[in-house]
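Residues per chain, in single letters:
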Protein chains: 2
Amino acid sequence: MFEQSRNLKLFGLMASIVLSCAAHAAEKTEASVSFSKRELATAAWIRDHASKENQSYRILESLTTEVGSRMAGTPGDARAVAWAEAKFKELGFDKVWKEAVRFPSWQRGVESAEILAPFSQKLAVTALGNSISTPEAGIEAEIIRFATLNELIAAPVESVRGKIVFIDHKMKSANDYGQVRQGRASGAVEAARKGALAIIIRSVGTDSHRLPHTGGMHYAADVMQIPAAAMSNVDADLVARILMRGGPVKMALKLGSHAGEVMQSYNVIGEITGSELPNEYVLIGGHLDSWDLGTGAIDDGAGCAITMAAAEFLHRHGLRPRRSVRVILYANEEQGLFGGSAYASEHQAQLKQIQAAAEADSGQGPVLQLDSFVGAKARKLVMQMQSVLAPLGVKKGTSDADPGPDMGVLKSAGVPSFELVLKSDDYFDIHHTADDTFDKIEPARITQAAAAFAVFAYLAAQAPIYFGEQMPVVQKSH
Amino acid sequence: MFEQSRNLKLFGLMASIVLSCAAHAAEKTEASVSFSKRELATAAWIRDHASKENQSYRILESLTTEVGSRMAGTPGDARAVAWAEAKFKELGFDKVWKEAVRFPSWQRGVESAEILAPFSQKLAVTALGNSISTPEAGIEAEIIRFATLNELIAAPVESVRGKIVFIDHKMKSANDYGQVRQGRASGAVEAARKGALAIIIRSVGTDSHRLPHTGGMHYAADVMQIPAAAMSNVDADLVARILMRGGPVKMALKLGSHAGEVMQSYNVIGEITGSELPNEYVLIGGHLDSWDLGTGAIDDGAGCAITMAAAEFLHRHGLRPRRSVRVILYANEEQGLFGGSAYASEHQAQLKQIQAAAEADSGQGPVLQLDSFVGAKARKLVMQMQSVLAPLGVKKGTSDADPGPDMGVLKSAGVPSFELVLKSDDYFDIHHTADDTFDKIEPARITQAAAAFAVFAYLAAQAPIYFGEQMPVVQKSH
């Protein structure tokens with residue numbers, strides 16, 4: 001009886017919960033799922049106040065000054081991890097921890113190139129990430145130019161054999177990056193298939209300075225590995241002018257870069273714990289590693305600083321939203337998205353607890369547009385978010401957001417994703433060069449981006465429903 | 001009789017010449033010394049046609065592509081001399097020759113610097129021209145910052161002894177060059193007087209790129225020689241930020257630069273011989289040597305190309321003016337005006353035969369203003385020149401023209417001098433850096449400058465009077 005009575009009581013309780021939930025669900029139909037006036041007012045307050053401070057600028061100044069260059073697996077990388085843990089703690093994050101990430105390392109060595117004939121000209125070059133070295137004495141060979149990777153692929157083997165391939169694909173705007181970077185990534189494989197001794201590409205960048213752009217390249221298991229380098233756009237212009245005169249052009253190339261041992265670094269994570277749903281997460285962040293030539297200001301110190309400052313703003317002002325906000329500073333993005341993969345694997349069981357994912361990895365801002373990738377019921381919420389952001393100049397965006405390189409794997413797994421699209425028309429001027437330094441940062445730009453991320457993180461974490469489902473959050477099982 | 005008769009005849013002839021000259025002289029008073037309508041129309045035709053072609057651009061493309069870097073005494077310098085002789089001949093100059101110039105040479109070696117503590121940061125540095133090397137292992141010492149050379153001069157000896165002096169004088173605009181370069185030129189002497197181990201300066205340049213600016217420095221006979229380098233503006237910003245945190249900052253500096261043997265190069269000269277007064281000269285030109293980091297496009301390939309194209313234009317169109325136009329491509333300007341001094345010495349006896357001297361050594365143009373330094377009677381002629389140039393945007397200038405580094409010695413000797421003032425607000429962005437390359441040249445700018453120099457050379461060579469005297473040219477004794 002006791003048991004029965006208890007069961008009845010329980011049944012009655014459950015029935016009332018179900019009815020209540022049903023009522024709640026009925027309320028939150030497409031038309032009615034929205035942020036409250038108070039939530040929207042809070043978000044507007046965040047926008048207006050976060051855009052008046054320079055926390056992100058100061059965080060980035062600290063990272064670039066006190067750590068600087070931090071290529072994965074280098075002492076700079078280790079210093080960056082220590083910096084990030086200390087900085088999260090200094091900023092008062094509720095939880096701060098790191099998660100190990102392992103990867104094959106790569107080291108840069110000597111690098112030089114020159115045209116030997118018909119005119120002696122030194123070139124500003126840099127090894128592409130992952131490139132093997134040349135023989136110690138270097139390689140001397142005739143160069144053969146291709147306007148694009150596809151032109152190389154279409155070329156007869158006999159025209160390429162024994163030569164240094166030069167891919168002269170000029171990047172005219174940021175929109176070209178996806179296409180032009182193919183020559184950097186896959187050029188060595190295609191050149192080696194045709195018997196080339198090495199490959200040197202025009203820098204994948206939009207500037208005209210004597211600073212080559214590095215960046216990742218890969219080999220294929222069944223194709224001979226050959227050294228791969230980039231020359232500055234200025235030097236590519238010069239070599240193209242020499243080639244236009246006709247006749248063979250001979251180049252010397254020396255690279256000392258090489259693979260190193262398997263190394264370990266860390267995703268460093270700071271969390272502002274949610275007030276109601278602490279086990280549901282809004283993930284923002286950037287990648288902590290940089291290429292080695294600059295001090296990683298725009299790539300991706302800016303993304304780290306913007307998202308750290310955004311979360312810290314909420315915390316400092318006691319605006320603890322319902323869900324947790326995690327700032328993830330990923331390890332080794334540049335050499336193969338190792339940090340992003342590691343986080344997704346490590347947190348495989350909790351992917352359904354991710355309310356939203358949005359990495360910042362396209363520069364210092366400002367945010368121009370809000371792209372989303374959410375369930376149908378969340379669309380009105382996204383529209384409300386954009387309305388709050390509109391005074392910052394943030395426009396409506398697409399519904400197929402790219403959440404960033406390290407978070408792409410989450411989107412593939414069905415995680416609701418966002419892109420706060422950062423202005424990047426000048427990003428590829430300094431991307432992956434020695435010129436990626438703090439002096440390029442404009443306080444107003446990075447501050448706007450941090451304010452936009454603060455608004456986004458607050459509203460996503462506060463939202464009445466799970467962004468990934470049609471149902472309201474109270475009915476969710478996760 | 002014969003003799004007498006002949007003498008009488010000669011007397012009659014001379015009397016008629018004297019009368020004619022007197023009449024001519026009377027005509028050419030202050031008010032009446034002017035170019036003829038036909039001369040002015042010819043000058044306008046030169047202006048309009050020379051500004052529609054790209055000869056100067058093509059000459060500079062040739063020099064920077066086929067020769068490139070050409071620091072005095074290097075193989076590139078020798079190639080530049082051969083290029084200049086061949087190019088003058090190819091362009092059809094009437095006379096082409098070279099005059100030997102001797103100078104102590106200097107060689108660049110390894111160069112690296114880094115901050116060791118409190119934060120490890122690599123710096124982009126370059127040796128200043130004439131600097132001695134550090135010990136092979138480099139120098140490690142605390143750095144001490146001074147905002148200016150004067151601040152260093154005012155500092156107590158004990159604060160400087162045993163340290164690396166850092167002069168952090170920021171160049172805000174081209175107007176600052178004269179002042180800021182003092183730290184580059186004399187900083188090592190002042191630092192060594194107080195017992196410093198080395199000096200490193202903020203680059204004397206207006207850019208924000210990771211490319212240090214080299215440039216000449218000197219030692220004093222009675223003061224210890226210490227190594228001298230420049231870091232890029234970006235790195236100077238970084239070091240200043242590190243210093244602002246307080247506490248000692250330790251730097252490592254390694255330079256392998258050193259003096260070499262006495263070398264010989266050449267002033268290369270091309271002449272368009274005058275139709276009436278072939279032994280009177282209008283001198284234009286630039287300096288053929290460059291610093292070694294770039295390919296010497298703006299400094300001073302542009303000046304060479306502008307003046308070569310200007311003279312060649314007159315020649316190609318059969319516009320042979322009364323006096324000769326000489327284009328002088330000076331040897332080794334950068335390390336001490338050796339070519340300019342050599343020309344003045346070599347031609348000491350003919351200084352009074354120089355009608356006008358105007359070097360182009362401030363970039364690619366356009367010409368903004370016509371400065372002059374001439375006798376009072378020539379002022380109206382200068383005004384007429386400027387009127388012809390006005391449609392190109394050339395304004396009236398000062399009456400105390402600086403004819404350029406290599407021709408300054410001529411002005412000091414009383415030679416009539418001009419400056420076709422070149423736009424230089426962006427000149428110090430790339431001056432003396434690896435970024436001084438052909439891609440920075442805008443055809444419209446260099447073409448305007450060549451057209452202005454063509455007009456100037458034509459009118460100066462055609463002028464009815466010697467620019468350096470009060471008297472009309474027919475009365476001149478030289």
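Residues numbered from 1 in each chain as written. Chains lettered and ligands numbered in written order. Predicted model: local features only at pLDDT ≥ 70, side-chain atom pairs only at ≥ 80, totals over all residues.

**Student:** Lay out the relation of the copies chain B and chain A with the relevant residues and their values.
**Tutor:** Note on the identical chains: chain B maps onto chain A by a rotation of 180° and an axial translation of 0.0 Å, with an RMSD of 0.0 Å. The transformation just described matches what one would write down for a two-fold rotation axis. Of all interface residues in chain B, 100% are interface residues in chain A too; the two copies therefore contact each other through one and the same surface. (Least-squares fit on C-alpha atoms with pLDDT ≥ 70 in both. Contact = placed C-beta atoms within 7 Å.)

**Student:** Quick one: what's the story with the environment of Val-165 of chain B, residue by residue and with numbers?
**Tutor:** Residues and elements named next belong to chain B. If you trace the backbone, Val-165 turns up in strand E6 (residues 164–167). The sequence separation of Val-165 and Ile-298 amounts to 133 residues, and the corresponding C-alpha distance is 31 Å. Beyond its immediate stretch of four places on either side in the chain, Val-165 contacts Ile-144, Phe-146, Leu-152, Val-160, Gly-187, Ala-191, Ala-196 and Ile-199. (Helix = DSSP H or I, 4+ residues; strand = E, 2+ residues; numbered from the N terminus.)

**Student:** I'd like a description of the domain arrangement of chain A, backed by residues and values.
**Tutor:** Residues and elements named next belong to chain A. Each assigned domain of chain A is listed here: domain 1 (37–106 + 262–475) and domain 2 (109–256). The distance between the C-alpha centroids of domain 1 and domain 2 comes to 35 Å. When its residues are assigned to classes, the side of domain 1 that touches domain 2 shows seven nonpolar, six polar and four charged. (Domains from an automatic or database assignment. Nonpolar A, V, L, I, M, F, W, Y, C, P; charged D, E, K, R; others polar.)

**Student:** Tell me about the nonpolar core, and please be specific about residues and values.
**Tutor:** Core analysis: the largest hydrophobic core is formed by 294 residues, its most contacted members being Ala-457 of chain A together with Ala-457 of chain B. The contacts of Ala-457 of chain B, once residues within four sequence positions are left out, are Val-282, Ile-284, Ala-310, Ala-311, Leu-314 and Val-325 of chain B. (Core = buried A, V, L, I, M, F, W, Y, C linked by C-beta atoms within 7 Å. Buried ≥ 20, exposed ≤ 12 C-beta atoms within 10 Å, placed from the backbone.)

**Student:** Could you give an account of the interface of chain B and chain A, naming the residues involved and the relevant values?
**Tutor:** In many analyses, interface size is given as the accessible surface area lost on bringing the parts together. Contacts between the two partners involve 22 residues from chain B, matched on the other side by 22 residues from chain A. When residues of the side of chain B that touches chain A are traced back to their parent elements, those giving at least two are helix H3 (55–66), strand E3 (121–123) and helix H8 (233–244) of chain B. No other element matches the five residues that H8 of chain B contributes to the side of chain B that touches chain A. In terms of residue class, the side of chain B that touches chain A is made up of seven nonpolar, seven polar and eight charged.

**Student:** An account of the sheet that holds E3 of chain B is requested, with residue identities and associated values reported.
**Tutor:** All names here are of chain B. Within the open sheet, the eight strands sit side by side as E3-E2-E9-E5-E6-E7-E8-E4. Their pairing is mixed. Where the open sheet ends on each side, the last strands, each with one partner, are E3 and strand E4 (125–127). Put simply, the sheet's adjacent strands are angled 30° from each other on average, direction ignored. Both strand E2 (residues 111–117) and strand E9 (residues 250–255) contribute to a ladder of six bridges, which runs antiparallel. Paired with Ile-115 across the bridge in E9 is Met-251. Here helix H7 (residues 177–193) sits on the sheet in contact with E6, strand E7 (198–202) and strand E8 (228–231), set at roughly 150° to E7. (Pairing = 2+ DSSP bridges. Axes fitted to C-alpha atoms, helices over the stretch in contact; angles between N-to-C directions.)

**Student:** Give a description of the packing of helix H2 (residues 37–50) of chain A against helix H11 (residues 379–389) of chain A that names residues and reports values.
**Tutor:** All names here are of chain A. The contact between H2 and H11 brings their axes to 9 Å, and the two run at 40°. Taken as axis vectors, H2 and H11 run oblique relative to one another. At the point where H2 passes H11, the crossing takes the right-handed sense. Between H2 and H11, the contacting residues are Leu-40, Ala-43, Ala-44 and Arg-47 on the first element and Gln-384, Val-388 and Leu-389 on the second. Residue composition of the contact of H2 with H11, grouped by class: five nonpolar, one polar and one charged. (Parallel < 35°, antiparallel > 145°, perpendicular 65-115°, else oblique. Left-handed = near helix turned anticlockwise from the far one by under 90°.)

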